[in-house]
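Coordinate analysis (summary)
As a plain string of letters, each chain reads:
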Amino acid sequence: MLKSKTFVRKTRSGGVMKIVREHYLRDDIWCGSEICTQCKQESTELQKDPCIESNLCSFPHYLLPDTNVVLHQIDVLEDPLIRNVIVLQTVLQEVRHRSAPVYKRLKDILHEKEKHFYTFTNEHHRETFIEREPGESANDRNDRAIRVAAQWYGGHLGKAPEGAGLKVVLLTNDRGNKEKAEESGLLTFRCEEYIKSLIANPELVDRLALTNDDKNEISSSKVLFPEHLPLSRIQAGIKSGTYIQGTFRASRDNYLEATVFVQGDEGESTEVLLQGLQNLNRAVYQDVVAVELLPREQWVAPSSVVLQDEGPKDEDAPEEEEKALRTTAGQMEARKPTGRVVGIIKRNWRPFCGMLNMSQIKESTRHLFTPADRRIPRIRIETRQAATLAGQRIMVSIDGWPKHSRYPNGHFVRSLGNAGDKGTEMEVLLLEHDVPHQDFSQSVLSFLPQMPWAITQEDMQVREDLRELSVCSVDPPGCTDIDDALHCRDLANGNLEVGVHIADVSHFIRPGNAMDKEAANRGTTVYLCGRRIDMVPELLSSNLCSLRSNVERLAFSCIWEINDKAEILKTRFTKSVINSKASLTYAEAQMRIDDAHMNDDITKSLRGLNRLAKILKRQRIEKGALTLSSPEVRFHIDSETHDPIDLQAKELKETNSMVEEFMLLANISVAQKIYDEFPECAVLRKHPAPPPSNYDILHRAAKSKELDIHTDSAKALADSLDAAQVVGFPYFNTLLRILATRCMMQAVYFCSGLDGDFHHYGLASPIYTHFTSPIRRYSDIIVHRLLAVAIGADSTYPDLMDKHKQSGLCNNLNYRHKMAQYAQRASVAFHTQLFFRNRGILNEEGFILFVRKNAIIILIPKFGLEGTVFFENKDKPGPKLSFQEEGPTLKVEDHTFNMFDKVKVTISLDSSNIQHQKIRMSLIEPMIPGVSVPAPEVEPDAKKAKLDR
């Protein structure tokens with residue numbers, strides 16, 4: 001049966017286009033039930049005897065939820081108890097349109113066989129499709145379609161011999177929809193009343209999201225926040241310039257302060273400051289909000305006060321704290337554009353990890369949840385299992401934030417385990433940084449090659465045979481995902497041939513399949529302390545794609561002819577087959593280069609590469625490339641307990657630089673090639689120049705030692721850093737480079753057809769991309785595909801040539817890359833805490849990195865660790881403090897602290913707050929009465945011996 005849908009659409013030029021779409025209706029669509037004898041079904045998802053104990057429904061039944069139930073109660077639907085659910089096509093389409101995260105979760109449930117969820121395509125079934133009536137809203141039409149489908153199911157299954165006692169239960173929280181369903185004789189319940197009727201799992205009630213009625217019940221009568229404007233007024237205000245749209249960024253250190261990041265039309269960005277609960281107006285970190293700028297005379301400066309929301313408060317706003325905030329802000333001169341939130345354009349809520357603060361009221365079911373991320377406000381939830389959840393890490397979702405409530409309302413999602421357990425804390429870390437870490441699905445694994453795998457004759461015919469070359473890889477110790485290998489050999493004409501050989505991952509991962517989509521979503525491999533979360537399955541990452549020694553592997557090679565001055569004479573790219581002759585660590589490669597007695601082909605190749613790399617690096621630096629620094633550390637992990645037993649700063653060798661130089665050279669060569677071939681859709685990487693204000697702290701730091709830093713260009717900065725030396729203070733230059741690193745902007749991926757600024761500031765390169773790590777970066781897989789098409793080694797596909805699709809992909813890659821970095825830092829911080837938990841209190845020397853009004857921030861080079869020494873104590877009077885912005889300097893009693901001063905501190909783990917454990921530093925030298933603490937006793941030898949084993 002064929003129906004036509006006709007509608008008109010306005011074109012870009014302002015004309016009107018009539019569109020006619022054909023809509024096919026069928027009468028052979030299966031109902032999906034084992035009970036049915038009418039449908040000729042290949043598979044049945046809905047069980048014959050759907051047993052679920054309920055006080056409301058004592059008979060076997062299937063559930064049919066409407067769209068709002070799926071959108072708001074997805075946590076309940078995910079529970080193993082909820083099975084035999086009919087998901088209508090109408091509902092699936094609406095959910096897809098309204099919430100991508102919920103849609104993905106629903107699709108995941110549909111793929112779980114044991115859940116027995118079935119998708120019924122009611123929009124194409126002859127008896128369940130309905131036309132939209134004149135004057136009927138799209139929402140009302142969809143509600144009617146859901147009721148019609150529910151009614152059809154009841155009649156259809158009732159015709160089956162075994163279907164007499166089986167019913168279909170419509171779940172809806174829409175009052176109007178429920179009334180109309182009951183008028184039609186449908187069995188209908190609100191989701192809450194049905195869940196509360198279940199006997200098998202009373203805890204499932206905790207996972208119910210609050211409805212509007214519930215939200216009103218638990219809010220106070222006093223209005224605490226201004227009303228949010230409707231979206232229509234917000235859109236009109238943004239168009240007229242009355243309001244500004246931006247991303248809300250809450251402060252970690254001050255819960256009464258935030259900024260709104262506003263992206264301009266021409267790429268420039270500005271920040272609007274918000275202070276006080278009223279002006280924050282219920283926005284949550286990363287929400288997209290509408291902001292009204294306050295009059296210029298009401299602008300304030302960022303507060304220097306640290307304010308944490310310390311726990312349950314009355315519904316009244318914390319007026320005393322807001323008063324302190326305003327007082328401090330008014331004392332500073334550097335005022336910023338200041339505003340207030342007038343409405344929410346898009347919520348960015350997700351399930352948050354954290355811990356429960358039990359109510360002090362006995363028998364109370366209302367409690368406050370404290371998120372692990374300090375930028376997220378506390379959340380009020382109702383739960384009957386508070387005693388069980390105390391001391392556990394749990395997940396909570398926000399349901400809403402009424403204007404009468406001091407905190408948002410939410411519901412319990414699930415428990416993650418005991419706080420402090422290593423497994424639990426790593427799970428929290430991954431969830432909080434949105435790192436996809438679930439096992440690869442069977443649909444992804446189905447695209448892996450069959451084992452045993454070998455290079456075929458067909459592969460050899462379309463690839464260059466480079467198996468005889470003296471290729472080797474140089475990587476960190478324990479590396480199993482070897483992306484790259486190198487070779488260098490003399491040519492007959494006196495020049496050198498240098499090759500960078502990269503794992504040909506794109507041979508195994510083809511565009512558009514499940515493995516490709518999963519890799520695109522993950523974006524990058526995430527390296528944590530003692531754990532790696534792969535972007536692609538291990539069979540590829542650690543085996544078939546890894547360029548291990550003495551096995552034949554498929555590669556994508558970039559080969560240059562280079563002269564003794566490291567000038568590139570010729571460049572070519574080819575798909576190849578290689579056989580690496582050695583898998584070396586940086587230390588092993590360095591020993592070969594330095595050992596005069598070794599003269600085998602691999603060693604000669606390494607020496608040639610090392611010599612050329614030094615010239616390439618010098619040339620880069622002469623062009624203005626920056627050599628910066630960061631305090632990185634390496635943990636030695638106990639093989640049995642997997643706890644860190646030692647911690648030391650990473651040591652870089654010449655071979656680190658050697659590999660880096662040729663990877664950079666390959667990336668630049670490939671970037672130029674793909675841009676020349678595809679100027680509209682090349683995936684490139686740029687590093688924007690920092691705005692001048694970013695360098696303020698660097699200038700002040702240099703002036704403290706009577707030095708000048710020039711930041712007009714990357715070259716000027718590089719030269720200034722090279723010249724910045726202090727006699728008798730060799731570590732000063734490293735400290736300065738650490739500060740310079742923090743002034744930098746984030747490097748990002750972008751599509752060449754939508755951005756004209758290609759320059760990479762840090763590398764001083766006019767063009768750059770990522771080609772050399774396709775096992776661990778999805779960007780490199782795309783670059784491989786572009787390069788393969790450019791040299792005629794592979795065919796193209798539509799998405800590869802679509803600049804808008806490429807730009808969307810780049811946005812996800814930038815997000816995943818950033819979150820992976822944050823997750824890695826959090827992993828280092830957590831393992832540092834474990835290390836100091838086992839070691840007790842240590843004495844170490846450090847340097848002051850920053851001077852604040854009431855504290856100094858100290859870097860401990862030995863551990864790459866930063867900590868803060870505070871000079872104020874809430875419980876007792878502190879020392880006399882005097883802060884000078886110039887310098888800056890902080891005078892504590894009779895001693896003055898400057899940037900880069902050497903100090904000695906005790907380091908210990910503060911576990912008083914189990915959720916936010918932190919490294920505590922206390923001053924030993926210089927000695928200041930009332931501030932300095934006595935040095936701890938030396939550890940017992942027995943304990944030290946145990947830790948050093």
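Counting restarts for each chain: residues are numbered from 1 in the order of the written sequence. Under the rules for a predicted model, residues below a pLDDT of 70 receive no local features and side-chain atom pairs below 80 are neither given nor counted, while totals for whole chains, interfaces and linings still include all residues. The side-chain numbers reported here are obtained from all heavy atoms of the structure, hydrogens and water having been left aside.

What follows is about the overall build of the protein. Helix numbers and strand numbers start at the N terminus; a helix is a DSSP run of H or I with at least 4 residues, a strand a run of E with at least 2. A count of helices and strands for the protein gives 26 helices and 38 strands. Remark: exposure states derive from per-residue accessible area (1.4 Å probe, protein chains only) relative to the maximum for the residue type, with buried under 20%, exposed over 50%, and partly exposed in between. Buried positions account for 51% of the 949 residues belonging to the protein. Two residues qualify as a contact provided that any one of their heavy atoms is within 4.5 Å of a heavy atom in the partner residue. Excluding contacts between residues fewer than 6 apart, the proportion of contacts in the protein whose partners are at least 24 apart in sequence is 67%. To be clear on the numbers: accessible area is Shrake-Rupley with a 1.4 Å probe, and residue cover counts the displayed protein chains and nothing else. When the accessible surface of the protein is split by element, carbon and sulfur atoms take 49% of a total near 45,700 Å².

Bringing the sheet that holds strand E31 (residues 842-851) into the picture now. Strands qualify as paired when DSSP identifies two bridges or more between them. Spatially, E33-E32-E31-E37-E38 is the arrangement adopted by the five strands of the open sheet, whose pairing is antiparallel. In this open sheet, the two strands that pair with only one neighbour each are strand E33 (865-870) and strand E38 (918-925). Strand-to-strand twist across the sheet, computed as the mean angle between neighbouring axes with direction ignored, equals 45°. Across six bridges, the pairing between E31 and strand E37 (residues 902-910) is antiparallel. Paired with Phe 847 across the strands is Lys 902, a residue of E37. To get an axis, fit a line to the C-alpha atoms, keeping to the stretch in contact for a helix; angles then go from 0 to 180 degrees between the N-to-C directions. Docked against the sheet, helix H23 (residues 732-743) engages E31, strand E32 (855-860) and E33, running at close to 55° with respect to E31.

Note on terminology: a nonpolar core comprises buried Ala, Val, Leu, Ile, Met, Phe, Trp, Tyr and Cys residues joined through side-chain atoms within 4.5 Å. In terms of nonpolar packing, the biggest core is built from 89 residues, with Leu 540, Trp 560, Leu 606, Phe 662, Phe 771 and Tyr 778 touching the most fellow members. With 55 residues, the next largest nonpolar core counts Val 70, Ile 82, Leu 110 and Tyr 118 among its residues.

On to the sheet that holds strand E8 (residues 244-250), then. Spatially, five strands are ordered E10-E9-E8-E11-E12 in an open sheet, and the strand pairing comes out antiparallel. Here the strands that pair on one side only, and so sit at the sheet edges, are strand E10 (269-275) and strand E12 (339-346). Strand-to-strand twist across the sheet, computed as the mean angle between neighbouring axes with direction ignored, equals 40°. When strand E9 (residues 257-263) meets E10, the two strands line up antiparallel, connected through seven bridges. When the sheet's bridge partners are listed, Val 262 is paired in E10 with Thr 270. Sitting on the sheet, helix H9 (residues 231-240) touches E8, strand E11 (288-293) and E12, and the angle it makes with E12 is about 120°.

Before going further, it helps to examine the pattern of salt bridges. By convention in these notes, a salt bridge is any Lys or Arg side-chain nitrogen within 4 Å of a carboxyl oxygen on Asp or Glu. Under the criterion given, the structure shown has 50 salt bridges. With a shortest N-O distance of 2.9 Å, Arg 144 and Glu 136 are connected by a salt bridge. Accessibility expressed as a relative area gives 13% for Glu 136, which makes it buried. Arg 620 serves as the salt-bridge partner of Glu 661, at 2.7 Å between the closest nitrogen and oxygen.

Moving on, we come to unusual backbone geometry. Where the residue is not glycine, phi is negative for most of them; where a peptide bond is considered, it is trans in most cases. In the segment running from Met 451 into Pro 452, the intervening peptide bond is cis, with an omega of 0°. Along the chain, the position of Pro 452 falls in the loop between helix H14 (442-445) and helix H15 (457-461). Here the residue pair Glu 925 and Pro 926 is connected by a cis peptide bond, since its omega of 0° sits within 30 degrees of zero. Even without glycine at this site, Gln 286 takes up a positive phi of about 80°. Its relative accessible area of 27% is what places Gln 286 among the partly exposed residues. One non-glycine residue, Asn 550, lies in the positive phi region at around 65°. Classification of Asn 550 as exposed rests on a relative accessible area of 58%.

The geometry of helix H18 (residues 586-594) relative to helix H19 (residues 601-623) is characterised by a closest axis approach of 9 Å and an angle of 95° between their N-to-C directions. Between H18 and H19, the interaxial angle falls into the category roughly perpendicular. Where H18 approaches H19, its residues Ala 589, Arg 592 and Ile 593 are matched on the opposing element by Ile 602, Thr 603, Leu 606, Arg 607 and Asn 610. Any angle that falls under 35 degrees is termed roughly parallel, while one over 145 is termed roughly antiparallel, one within 65 to 115 roughly perpendicular, and all others oblique.

If you check which residues of helix H6 (residues 175-183) are buried, you get Asn 177, Lys 178 and Ala 181. Summarising the axial view, the buried residues of H6 lie within an arc of 100°, below the 170-degree limit, and thus occupy one face. Opposite its buried face, H6 presents the exposed residues Arg 175 and Glu 183, each directed more than 90 degrees away. In this fold, the buried residues of H6 make contact with helix H5 (138-158), strand E6 (167-171), strand E7 (187-189) and helix H7 (191-196). Between N or O atoms, a polar contact is any pair within 3.5 Å; within protein, one atom must be a potential hydrogen donor and the other a potential acceptor, and residues adjacent in sequence are included only when both atoms are from side chains. Between the side-chain oxygen of the N-cap and the backbone nitrogen of Gly 176 there are 3.0 Å, and the N-cap of H6 in question is Asp 174. The first or second residue beyond H6 is Gly 185, which carries a positive phi of 85°. In this description, the arc belongs to the directions extending from the helix axis to the C-beta atoms.

Turning our attention to the pairing of E33. Where burial is concerned, the two faces of E33 differ: the one with Leu 865, Gly 867 and Val 869 is buried and the one with Glu 866, Thr 868 and Phe 870 is not. Two strands pair when backbone bridges link them, and E32 and E33 are joined in this way by six bridges, in the antiparallel orientation. Within E33, the position partnered with Leu 859 by the bridge is Glu 866. What sits between E32 and E33 in their antiparallel hairpin is a turn of four residues, with Gly 864 showing a positive phi close to 60°.

Turning our attention to the confidence of the model for the protein. A low pLDDT score tells you not to read the predicted coordinates there in detail. The pLDDT value tells you how sure the predictor is about a given residue, anywhere from 0 up to 100. Put simply, the protein has an average pLDDT of 87, and 89% of its residues get 70 or more. Helix H26 (residues 941-947) is the least confidently modelled element of the protein, averaging 32 in pLDDT, while helix H24 (residues 778-790) averages 97, the highest of any element. A low-confidence stretch, residues 327-332 (pLDDT under 50), is modelled with ten contacts involving residues beyond four sequence positions or located in other chains. Throughout residues 937-949 the model reports pLDDT below 50, and contacts reaching past four residues in sequence, or to other chains, amount to twelve contacts.

Of note, Ile 668 is situated in helix H20 (residues 654-677). The class for Ile 668 is partly exposed, based on a relative accessible area of 26%. Linking Ile 668 and His 770, residues 102 residues apart in sequence, is a C-alpha distance of 8.4 Å. Apart from residues no more than four positions distant in its own chain, Ile 668 is found in contact with Ser 765, Ile 767 and Tyr 768.

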